[in-house]
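An overview of the molecular structure
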Protein chains: 2
Amino acid sequence: MPHDYGFNIRDLRRVIAVAEHRSLRRAALALEVDQGTLTRSIQALEHALRIPLFERMRTGARLTAAGVAFTKIAASVLEGMDEAMLHLRLRHNGVVGRLRLGVQVSFATGVVADLLERYQSVCPDVDFQIIDGTRERLLRDVLASRLDAVIVIAGEGWPGRAIPLGRKECWQLSRGITPSRRGWR
Amino acid sequence: MPHDYGFNIRDLRRVIAVAEHRSLRRAALALEVDQGTLTRSIQALEHALRIPLFERMRTGARLTAAGVAFTKIAASVLEGMDEAMLHLRLRHNGVVGRLRLGVQVSFATGVVADLLERYQSVCPDVDFQIIDGTRERLLRDVLASRLDAVIVIAGEGWPGRAIPLGRKECWQLSRGITPSRRGWR
DNA sequence: TAGATTTACGTCCTACGTAAGAATC
DNA sequence: GATTCTTACGTAGGACGTAAATCTA
(Lines give C-alpha, C1' and ligand atoms only; values in the text may rest on other atoms or scores of the structure.)
Protein backbone atom coordinates (compact mmCIF):
# COMPACT_ATOMS: atom_id res chain seq x y z
CA MET A 1 0.00 0.00 0.00
CA PRO A 2 2.16 2.88 -1.27
CA HIS A 3 1.70 6.26 0.29
CA ASP A 4 0.96 9.48 -1.49
CA TYR A 5 2.97 10.30 -4.54
CA GLY A 6 3.25 13.95 -3.68
CA PHE A 7 1.35 15.21 -6.67
CA ASN A 8 -2.25 15.69 -7.57
CA ILE A 9 -4.60 15.56 -10.51
CA ARG A 10 -3.82 19.12 -11.48
CA ASP A 11 -0.17 18.26 -11.92
CA LEU A 12 -1.04 15.47 -14.31
CA ARG A 13 -3.02 17.84 -16.47
CA ARG A 14 -0.19 20.32 -16.41
CA VAL A 15 2.37 17.78 -17.53
CA ILE A 16 0.13 16.78 -20.39
CA ALA A 17 -0.43 20.39 -21.36
CA VAL A 18 3.29 21.11 -21.44
CA ALA A 19 3.90 17.96 -23.44
CA GLU A 20 1.22 18.90 -25.95
CA HIS A 21 2.36 22.49 -26.37
CA ARG A 22 6.02 21.55 -26.20
CA SER A 23 6.50 24.77 -24.25
CA LEU A 24 6.00 25.90 -20.69
CA ARG A 25 5.03 29.33 -21.88
CA ARG A 26 2.33 28.22 -24.29
CA ALA A 27 1.03 25.62 -21.85
CA ALA A 28 0.82 28.25 -19.14
CA LEU A 29 -1.12 30.46 -21.52
CA ALA A 30 -3.51 27.65 -22.35
CA LEU A 31 -3.97 26.68 -18.71
CA GLU A 32 -4.40 30.31 -17.73
CA VAL A 33 -1.74 30.16 -15.04
CA ASP A 34 1.45 32.06 -14.63
CA GLN A 35 4.54 30.69 -16.32
CA GLY A 36 6.45 30.64 -13.05
CA THR A 37 3.67 28.66 -11.43
CA LEU A 38 3.90 26.07 -14.16
CA THR A 39 7.68 25.90 -13.87
CA ARG A 40 7.41 25.26 -10.17
CA SER A 41 4.71 22.63 -10.62
CA ILE A 42 6.76 20.68 -13.12
CA GLN A 43 9.92 21.04 -11.08
CA ALA A 44 8.18 19.87 -7.95
CA LEU A 45 6.76 16.89 -9.79
CA GLU A 46 10.12 15.95 -11.27
CA HIS A 47 11.65 16.25 -7.84
CA ALA A 48 8.94 14.13 -6.26
CA LEU A 49 9.43 11.45 -8.90
CA ARG A 50 13.18 11.91 -8.88
CA ILE A 51 12.90 11.60 -12.64
CA PRO A 52 13.31 14.46 -15.13
CA LEU A 53 10.33 14.62 -17.44
CA PHE A 54 11.26 17.44 -19.79
CA GLU A 55 14.37 18.52 -21.59
CA ARG A 56 14.50 22.32 -21.50
CA MET A 57 15.61 23.90 -24.73
CA ARG A 58 15.89 27.37 -26.09
CA THR A 59 12.84 26.76 -28.24
CA GLY A 60 10.71 25.20 -25.52
CA ALA A 61 10.51 21.95 -23.59
CA ARG A 62 10.54 18.43 -24.93
CA LEU A 63 9.64 15.19 -23.20
CA THR A 64 12.41 12.89 -22.09
CA ALA A 65 11.98 9.14 -22.55
CA ALA A 66 10.77 8.88 -18.98
CA GLY A 67 8.54 11.88 -19.64
CA VAL A 68 6.88 10.05 -22.50
CA ALA A 69 6.20 7.08 -20.25
CA PHE A 70 4.85 9.26 -17.47
CA THR A 71 2.66 11.22 -19.85
CA LYS A 72 1.11 8.00 -21.05
CA ILE A 73 0.41 7.02 -17.47
CA ALA A 74 -1.06 10.43 -16.71
CA ALA A 75 -3.21 10.43 -19.81
CA SER A 76 -4.60 6.99 -19.13
CA VAL A 77 -5.28 7.81 -15.50
CA LEU A 78 -7.02 11.04 -16.40
CA GLU A 79 -8.99 9.48 -19.21
CA GLY A 80 -10.23 6.70 -16.99
CA MET A 81 -11.04 9.18 -14.28
CA ASP A 82 -12.85 11.60 -16.56
CA GLU A 83 -15.01 8.90 -18.00
CA ALA A 84 -15.72 7.34 -14.64
CA MET A 85 -16.56 10.68 -13.06
CA LEU A 86 -18.89 11.59 -15.88
CA HIS A 87 -20.62 8.27 -15.59
CA LEU A 88 -20.80 8.58 -11.82
CA ARG A 89 -22.46 11.96 -12.03
CA LEU A 90 -24.86 10.89 -14.74
CA ARG A 91 -25.86 7.81 -12.79
CA HIS A 92 -26.34 9.81 -9.63
CA ASN A 93 -28.59 12.22 -11.47
CA GLY A 94 -30.37 9.29 -13.02
CA VAL A 95 -29.76 10.38 -16.55
CA VAL A 96 -28.18 7.29 -17.97
CA GLY A 97 -29.61 3.86 -18.38
CA ARG A 98 -32.82 2.48 -19.82
CA LEU A 99 -36.33 3.63 -19.10
CA ARG A 100 -39.25 1.76 -20.57
CA LEU A 101 -42.28 3.95 -20.10
CA GLY A 102 -45.80 2.96 -20.91
CA VAL A 103 -48.17 5.76 -21.80
CA GLN A 104 -51.89 5.37 -22.04
CA VAL A 105 -52.95 6.25 -25.56
CA SER A 106 -55.20 9.03 -24.45
CA PHE A 107 -52.14 10.79 -23.02
CA ALA A 108 -50.13 10.57 -26.20
CA THR A 109 -50.63 14.28 -26.86
CA GLY A 110 -50.72 17.49 -24.88
CA VAL A 111 -48.88 18.17 -21.64
CA VAL A 112 -47.57 14.66 -21.18
CA ALA A 113 -46.09 14.54 -24.66
CA ASP A 114 -44.33 17.85 -24.09
CA LEU A 115 -42.97 16.58 -20.81
CA LEU A 116 -41.61 13.42 -22.35
CA GLU A 117 -39.95 15.33 -25.13
CA ARG A 118 -38.40 17.65 -22.63
CA TYR A 119 -37.13 14.76 -20.57
CA GLN A 120 -35.52 13.21 -23.59
CA SER A 121 -33.75 16.41 -24.52
CA VAL A 122 -32.54 16.93 -20.96
CA CYS A 123 -31.36 13.35 -20.58
CA PRO A 124 -30.15 12.24 -23.99
CA ASP A 125 -28.15 9.42 -22.41
CA VAL A 126 -31.26 7.60 -21.28
CA ASP A 127 -32.43 4.92 -23.62
CA PHE A 128 -35.99 6.12 -23.50
CA GLN A 129 -38.59 3.77 -24.88
CA ILE A 130 -42.21 4.84 -24.96
CA ILE A 131 -44.80 2.14 -25.35
CA ASP A 132 -48.44 3.10 -25.72
CA GLY A 133 -51.38 0.83 -25.07
CA THR A 134 -54.54 0.41 -23.09
CA ARG A 135 -54.60 0.98 -19.36
CA GLU A 136 -54.98 -2.71 -18.57
CA ARG A 137 -52.28 -3.84 -20.92
CA LEU A 138 -49.81 -1.31 -19.54
CA LEU A 139 -50.55 -2.17 -15.93
CA ARG A 140 -50.05 -5.84 -16.71
CA ASP A 141 -46.71 -5.07 -18.37
CA VAL A 142 -45.40 -2.93 -15.55
CA LEU A 143 -46.40 -5.63 -13.06
CA ALA A 144 -44.42 -8.14 -15.10
CA SER A 145 -41.43 -5.80 -15.23
CA ARG A 146 -41.71 -5.44 -18.95
CA LEU A 147 -42.12 -1.72 -18.30
CA ASP A 148 -40.37 0.48 -15.74
CA ALA A 149 -43.26 2.92 -15.32
CA VAL A 150 -46.57 3.81 -16.82
CA ILE A 151 -48.75 6.87 -17.11
CA VAL A 152 -52.41 5.92 -16.86
CA ILE A 153 -55.74 7.21 -15.67
CA ALA A 154 -55.98 6.74 -11.94
CA GLY A 155 -58.03 3.89 -10.54
CA GLU A 156 -58.17 1.52 -7.65
CA GLY A 157 -55.08 -0.16 -6.20
CA TRP A 158 -51.38 0.86 -6.36
CA PRO A 159 -51.67 3.32 -3.52
CA GLY A 160 -48.02 3.63 -2.61
CA ARG A 161 -46.28 3.49 -5.91
CA ALA A 162 -48.52 5.73 -7.95
CA ILE A 163 -48.00 9.45 -8.28
CA PRO A 164 -50.75 11.90 -9.22
CA LEU A 165 -49.88 13.92 -12.29
CA GLY A 166 -50.00 17.49 -11.06
CA ARG A 167 -47.48 19.98 -12.35
CA LYS A 168 -45.16 19.44 -9.42
CA GLU A 169 -45.40 15.69 -9.64
CA CYS A 170 -44.54 15.78 -13.30
CA TRP A 171 -41.19 17.14 -12.40
CA GLN A 172 -40.82 14.54 -9.76
CA LEU A 173 -41.35 11.94 -12.41
CA SER A 174 -38.51 13.14 -14.54
CA ARG A 175 -36.11 13.45 -11.63
CA GLY A 176 -37.16 10.68 -9.30
CA ILE A 177 -38.20 7.79 -11.44
CA THR A 178 -35.10 6.69 -13.22
CA PRO A 179 -33.73 3.43 -14.49
CA SER A 180 -31.02 3.25 -11.87
CA ARG A 181 -33.14 3.78 -8.80
CA ARG A 182 -34.11 1.07 -6.43
CA GLY A 183 -37.13 -0.86 -7.52
CA TRP A 184 -36.93 0.18 -11.14
CA ARG A 185 -35.00 -1.81 -13.66
CA MET B 1 -11.53 18.41 -21.45
CA PRO B 2 -12.83 18.79 -17.89
CA HIS B 3 -11.03 20.95 -15.42
CA ASP B 4 -9.72 19.87 -12.07
CA TYR B 5 -12.00 17.81 -9.91
CA GLY B 6 -10.99 19.57 -6.73
CA PHE B 7 -9.52 16.54 -5.07
CA ASN B 8 -6.23 14.73 -5.13
CA ILE B 9 -4.74 11.31 -4.87
CA ARG B 10 -4.63 11.46 -1.10
CA ASP B 11 -8.37 11.97 -0.96
CA LEU B 12 -8.92 8.84 -2.98
CA ARG B 13 -6.87 6.81 -0.54
CA ARG B 14 -8.78 8.30 2.34
CA VAL B 15 -12.14 7.42 0.89
CA ILE B 16 -10.97 3.87 0.38
CA ALA B 17 -9.62 3.69 3.91
CA VAL B 18 -12.90 4.91 5.38
CA ALA B 19 -14.82 2.47 3.22
CA GLU B 20 -12.61 -0.41 4.32
CA HIS B 21 -12.74 0.43 8.00
CA ARG B 22 -16.39 1.45 7.87
CA SER B 23 -15.45 4.16 10.34
CA LEU B 24 -13.87 7.59 10.16
CA ARG B 25 -12.25 7.02 13.50
CA ARG B 26 -10.58 3.73 12.65
CA ALA B 27 -9.57 4.96 9.21
CA ALA B 28 -8.03 8.07 10.74
CA LEU B 29 -6.12 5.83 13.14
CA ALA B 30 -4.87 3.66 10.29
CA LEU B 31 -3.93 6.66 8.15
CA GLU B 32 -2.28 8.34 11.11
CA VAL B 33 -4.21 11.56 10.71
CA ASP B 34 -6.55 13.35 13.02
CA GLN B 35 -10.19 12.37 12.93
CA GLY B 36 -11.25 15.93 12.23
CA THR B 37 -8.87 16.11 9.32
CA LEU B 38 -10.43 13.03 7.83
CA THR B 39 -13.92 14.39 8.37
CA ARG B 40 -13.01 17.56 6.55
CA SER B 41 -11.37 15.67 3.69
CA ILE B 42 -14.40 13.49 3.10
CA GLN B 43 -16.78 16.42 3.47
CA ALA B 44 -14.78 18.49 1.02
CA LEU B 45 -14.75 15.64 -1.47
CA GLU B 46 -18.47 15.04 -1.14
CA HIS B 47 -19.05 18.73 -1.60
CA ALA B 48 -16.81 18.85 -4.65
CA LEU B 49 -18.63 15.92 -6.19
CA ARG B 50 -22.00 17.17 -4.95
CA ILE B 51 -22.64 13.53 -4.12
CA PRO B 52 -22.76 12.09 -0.59
CA LEU B 53 -20.43 9.10 -0.36
CA PHE B 54 -21.01 7.91 3.18
CA GLU B 55 -23.98 7.48 5.42
CA ARG B 56 -22.96 8.54 8.91
CA MET B 57 -24.20 6.32 11.66
CA ARG B 58 -23.65 6.08 15.34
CA THR B 59 -21.54 2.99 14.86
CA GLY B 60 -19.44 4.40 12.04
CA ALA B 61 -19.84 5.28 8.39
CA ARG B 62 -21.23 3.19 5.55
CA LEU B 63 -20.93 3.72 1.82
CA THR B 64 -23.92 5.00 -0.08
CA ALA B 65 -24.71 3.55 -3.47
CA ALA B 66 -22.84 6.40 -5.11
CA GLY B 67 -20.04 5.85 -2.61
CA VAL B 68 -19.68 2.27 -3.75
CA ALA B 69 -19.39 3.41 -7.35
CA PHE B 70 -16.89 6.09 -6.50
CA THR B 71 -14.82 3.74 -4.39
CA LYS B 72 -14.57 1.37 -7.31
CA ILE B 73 -13.40 4.21 -9.51
CA ALA B 74 -10.89 5.35 -6.93
CA ALA B 75 -9.55 1.85 -6.40
CA SER B 76 -9.09 1.21 -10.07
CA VAL B 77 -7.42 4.57 -10.63
CA LEU B 78 -5.07 4.04 -7.72
CA GLU B 79 -4.28 0.50 -8.68
CA GLY B 80 -3.41 1.49 -12.23
CA MET B 81 -1.39 4.39 -10.96
CA ASP B 82 0.54 2.36 -8.41
CA GLU B 83 1.47 -0.25 -10.93
CA ALA B 84 2.39 2.28 -13.56
CA MET B 85 4.48 4.32 -11.15
CA LEU B 86 6.35 1.27 -9.98
CA HIS B 87 7.03 0.27 -13.54
CA LEU B 88 8.09 3.79 -14.45
CA ARG B 89 10.61 3.91 -11.65
CA LEU B 90 11.99 0.48 -12.43
CA ARG B 91 12.35 1.32 -16.10
CA HIS B 92 14.06 4.61 -15.33
CA ASN B 93 16.56 2.82 -13.16
CA GLY B 94 17.03 0.31 -15.93
CA VAL B 95 16.20 -2.62 -13.77
CA VAL B 96 13.46 -4.23 -15.76
CA GLY B 97 13.55 -5.69 -19.23
CA ARG B 98 15.78 -8.12 -21.03
CA LEU B 99 19.55 -8.01 -21.35
CA ARG B 100 21.33 -10.52 -23.53
CA LEU B 101 24.98 -10.27 -22.67
CA GLY B 102 27.74 -12.11 -24.46
CA VAL B 103 30.84 -12.84 -22.41
CA GLN B 104 34.09 -14.04 -23.89
CA VAL B 105 34.91 -17.43 -22.36
CA SER B 106 38.18 -16.24 -20.91
CA PHE B 107 36.19 -13.75 -18.76
CA ALA B 108 33.82 -16.33 -17.37
CA THR B 109 35.54 -16.22 -14.03
CA GLY B 110 37.10 -13.63 -11.74
CA VAL B 111 36.11 -9.98 -11.52
CA VAL B 112 33.65 -10.06 -14.40
CA ALA B 113 31.80 -13.04 -13.00
CA ASP B 114 31.50 -11.30 -9.65
CA LEU B 115 30.21 -8.17 -11.34
CA LEU B 116 27.57 -10.03 -13.29
CA GLU B 117 26.39 -11.84 -10.22
CA ARG B 118 26.17 -8.56 -8.37
CA TYR B 119 24.22 -6.97 -11.18
CA GLN B 120 21.75 -9.81 -11.16
CA SER B 121 21.21 -9.53 -7.44
CA VAL B 122 20.78 -5.76 -7.66
CA CYS B 123 18.40 -5.97 -10.62
CA PRO B 124 16.40 -9.16 -10.17
CA ASP B 125 13.73 -7.88 -12.54
CA VAL B 126 16.05 -7.95 -15.50
CA ASP B 127 15.81 -11.06 -17.60
CA PHE B 128 19.56 -11.51 -17.70
CA GLN B 129 20.88 -13.98 -20.23
CA ILE B 130 24.61 -14.67 -20.40
CA ILE B 131 25.93 -16.26 -23.55
CA ASP B 132 29.57 -17.23 -23.72
CA GLY B 133 31.52 -17.84 -26.91
CA THR B 134 34.55 -16.82 -28.88
CA ARG B 135 35.33 -13.19 -29.49
CA GLU B 136 34.41 -13.36 -33.17
CA ARG B 137 31.20 -15.24 -32.62
CA LEU B 138 30.05 -12.76 -29.98
CA LEU B 139 30.90 -9.73 -32.08
CA ARG B 140 28.96 -11.19 -34.97
CA ASP B 141 25.97 -11.81 -32.73
CA VAL B 142 25.91 -8.35 -31.24
CA LEU B 143 26.19 -6.86 -34.71
CA ALA B 144 23.18 -8.90 -35.75
CA SER B 145 21.26 -7.75 -32.64
CA ARG B 146 21.14 -11.25 -31.28
CA LEU B 147 22.99 -9.88 -28.26
CA ASP B 148 22.55 -6.54 -26.51
CA ALA B 149 26.16 -6.23 -25.36
CA VAL B 150 29.34 -8.23 -25.17
CA ILE B 151 32.43 -8.28 -23.01
CA VAL B 152 35.46 -9.13 -25.11
CA ILE B 153 39.18 -8.47 -25.36
CA ALA B 154 39.74 -5.09 -27.00
CA GLY B 155 40.72 -4.91 -30.64
CA GLU B 156 40.31 -2.80 -33.72
CA GLY B 157 37.06 -1.06 -34.62
CA TRP B 158 34.01 -0.13 -32.49
CA PRO B 159 35.58 3.04 -31.20
CA GLY B 160 32.45 4.80 -30.04
CA ARG B 161 30.37 2.04 -28.63
CA ALA B 162 33.00 0.15 -26.70
CA ILE B 163 33.85 0.83 -23.08
CA PRO B 164 37.15 -0.13 -21.45
CA LEU B 165 36.66 -2.37 -18.42
CA GLY B 166 38.31 -0.45 -15.62
CA ARG B 167 36.76 -0.51 -12.16
CA LYS B 168 34.82 2.68 -12.76
CA GLU B 169 33.59 1.54 -16.15
CA CYS B 170 32.37 -1.68 -14.68
CA TRP B 171 29.91 0.28 -12.65
CA GLN B 172 28.94 2.20 -15.69
CA LEU B 173 28.08 -1.10 -17.30
CA SER B 174 25.66 -2.09 -14.61
CA ARG B 175 24.02 1.32 -14.46
CA GLY B 176 24.30 2.68 -17.98
CA ILE B 177 23.89 -0.27 -20.30
CA THR B 178 20.38 -1.44 -19.80
CA PRO B 179 17.76 -3.07 -21.94
CA SER B 180 15.66 0.05 -22.17
CA ARG B 181 18.32 2.52 -23.20
CA ARG B 182 18.66 3.95 -26.65
CA GLY B 183 20.67 1.79 -28.99
CA TRP B 184 20.34 -1.39 -26.98
CA ARG B 185 17.48 -3.73 -27.46
C1' DT C 1 17.64 41.74 -28.48
C1' DA C 2 14.21 38.16 -28.68
C1' DG C 3 12.32 34.18 -26.87
C1' DA C 4 12.50 30.99 -23.57
C1' DT C 5 12.89 29.16 -18.53
C1' DT C 6 13.97 30.03 -13.68
C1' DT C 7 14.09 32.44 -9.19
C1' DA C 8 12.76 36.01 -5.40
C1' DC C 9 9.35 37.65 -2.71
C1' DG C 10 5.07 38.96 -0.59
C1' DT C 11 0.33 37.35 -0.17
C1' DC C 12 -3.34 34.29 0.34
C1' DC C 13 -5.37 30.03 0.79
C1' DT C 14 -5.42 25.31 2.31
C1' DA C 15 -4.59 21.58 5.38
C1' DC C 16 -3.38 20.24 9.71
C1' DG C 17 -3.79 19.17 14.92
C1' DT C 18 -5.83 20.50 19.29
C1' DA C 19 -9.70 20.75 21.60
C1' DA C 20 -14.35 21.57 22.36
C1' DG C 21 -19.23 20.51 20.68
C1' DA C 22 -23.25 17.71 19.23
C1' DA C 23 -25.76 13.52 18.45
C1' DT C 24 -27.11 8.87 19.50
C1' DC C 25 -27.60 4.82 22.11
C1' DG D 1 -21.79 8.39 29.93
C1' DA D 2 -19.46 6.30 26.12
C1' DT D 3 -18.69 6.36 21.33
C1' DT D 4 -18.74 8.58 17.07
C1' DC D 5 -18.80 12.27 13.93
C1' DT D 6 -18.44 17.47 13.44
C1' DT D 7 -16.91 22.27 14.12
C1' DA D 8 -13.89 26.31 15.84
C1' DC D 9 -9.56 28.20 15.88
C1' DG D 10 -4.74 29.27 15.46
C1' DT D 11 -0.61 27.94 12.96
C1' DA D 12 2.46 26.33 9.38
C1' DG D 13 3.38 25.32 4.75
C1' DG D 14 2.18 25.42 -0.06
C1' DA D 15 0.61 27.68 -4.27
C1' DC D 16 -0.05 31.66 -6.60
C1' DG D 17 1.05 36.10 -9.35
C1' DT D 18 4.21 39.96 -10.12
C1' DA D 19 8.40 41.01 -11.45
C1' DA D 20 13.23 40.57 -11.87
C1' DA D 21 17.01 37.39 -13.32
C1' DT D 22 19.19 34.09 -16.35
C1' DC D 23 20.35 31.75 -20.46
C1' DT D 24 21.17 31.16 -25.42
C1' DA D 25 21.10 32.00 -30.36
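Residues numbered from 1 in each chain as written. Chains lettered and ligands numbered in written order. Predicted model: local features only at pLDDT ≥ 70, side-chain atom pairs only at ≥ 80, totals over all residues. Heavy atoms only, no water.

Under an unreviewed UniProt entry, chain A has the name LysR family transcriptional regulator and belongs to Gluconacetobacter sacchari. What UniProt records for chain A under Sequence similarities (unreviewed entry) is the sentence "Belongs to the LysR transcriptional regulatory family." (UniProt positions renumbered as here; feature names shortened; annotations may be inferred.)

Our next topic: the relation of the copies chain A and chain B. For these two chain copies, the linking operation is a rotation about an axis paired with a shift along it. Taken as rigid bodies, chain A and chain B are interconverted by a rotation of 178 degrees and an axial shift of 0.0 Å, the fit giving an RMSD of 0.7 Å. Taken together, the rotation angle and the small translation identify this as a two-fold axis. The position closest to the rotation axis in chain A is occupied by the C-alpha of Asn8(A), lying 2.4 Å away. (Least-squares fit on C-alpha atoms with pLDDT ≥ 70 in both.)

A word on the nonpolar core. The biggest cluster of nonpolar side chains holds 60 residues, and the ones touching the most others in it are Phe7(A), Phe70(A), Phe7(B) and Phe70(B). Excluding residues within four positions of it along the chain, Phe70(B) makes contact with Met85(A), Leu88(A), Phe7(B), Leu12(B), Val15(B), Leu45(B), Leu49(B) and Leu53(B). Leu99(B), Leu101(B), Ala149(B) and Ile151(B) belong to the second largest nonpolar core, which has 10 residues in total. (Core = buried A, V, L, I, M, F, W, Y, C linked by side-chain atoms within 4.5 Å. Buried < 20%, exposed > 50% of the residue type's maximum accessible area, 1.4 Å probe, protein only. Contact = heavy atoms within 4.5 Å.)

Residues and elements named next belong to chain B. Tracing the backbone shows Glu 46 in helix α3 (residues 35–49). Taking relative accessible area as the criterion, Glu 46 reaches 11% and is therefore assigned buried. Among the polar contacts listed, one links the side chain of Glu 46 to the backbone nitrogen of Leu 53, at a separation of 2.8 Å. Sequence-distant contacts of Glu 46, defined by excluding residues within four places in its chain, comprise Ile 51, Pro 52, Leu 53, Phe 54 and Arg 56. (Helix = DSSP H or I, 4+ residues; strand = E, 2+ residues; numbered from the N terminus. Polar contact = N/O pair within 3.5 Å; in protein donor to acceptor, adjacent residues only side chain to side chain.)

Turning our eyes to something else, we now look at the pattern of salt bridges. Residues and elements named next belong to chain A. Inspection of every chain in the model, using the stated rule, returns 7 salt bridges over all chains. Between Asp 82 and Arg 13 there is a salt bridge whose closest N-O contact spans 3.0 Å. With Asp 82 in helix α4 (residues 65–93) and Arg 13 in helix α1 (residues 9–21), this residue pair connects regions lying 69 residues apart in the sequence. The residues Asp 82 and Arg 13 share a single accessibility class, namely buried. (Salt bridge = Lys/Arg side-chain N within 4 Å of Asp/Glu carboxyl O.)

Now for the packing of aromatic side chains. Here the structure, examined in full by the defined rule, presents 4 aromatic pairs over all chains. Ring geometry for Tyr5(B) against Phe7(B): centres 5.9 Å apart, planes inclined by 15 degrees, an arrangement best described as stacked. By the burial criterion, Tyr5(B) is buried, and Phe7(B) matches it. Ring centres 6.0 Å apart and planes at 80 degrees place the aromatic pair Phe7(B) and Phe70(B) in the edge-to-face group. Taken together, the positions of Phe7(B) in the segment before α1 (9–21) and Phe70(B) in helix α4 (residues 65–92) put the pair 63 residues apart, joining distant regions of the chain. Among the aromatic side chains, those forming a connected cluster through ring pairs are Tyr5(A), Phe7(A) and Phe70(A). (Phe/Tyr/Trp six-rings, centres within 6.5 Å; stacked < 30°, edge-to-face > 60°.)

What follows concerns the interface of chain A and chain B. Facing 26 residues of chain A, the contacting portion of chain B comprises 26 residues. Interface area lost by chain A to chain B is led by Tyr5(A), Met85(A) and Leu88(A), which between them contribute 21%. Applying the counting rule to chain A against chain B returns 2 residue pairs in polar contact (both at pLDDT 80 or more). Looking at the side of chain A that touches chain B, the elements that each hand over two or more residues are α1, α3 (35–49) and α4 of chain A. The element contributing the most residues to the side of chain A that touches chain B is α4(A), with 12 residues. Looking at the side of chain A that touches chain B residue by residue, the class counts come to 17 nonpolar, 3 polar and 6 charged. (Buried area = accessible area lost by both parts, 1.4 Å probe. Nonpolar A, V, L, I, M, F, W, Y, C, P; charged D, E, K, R; others polar.)

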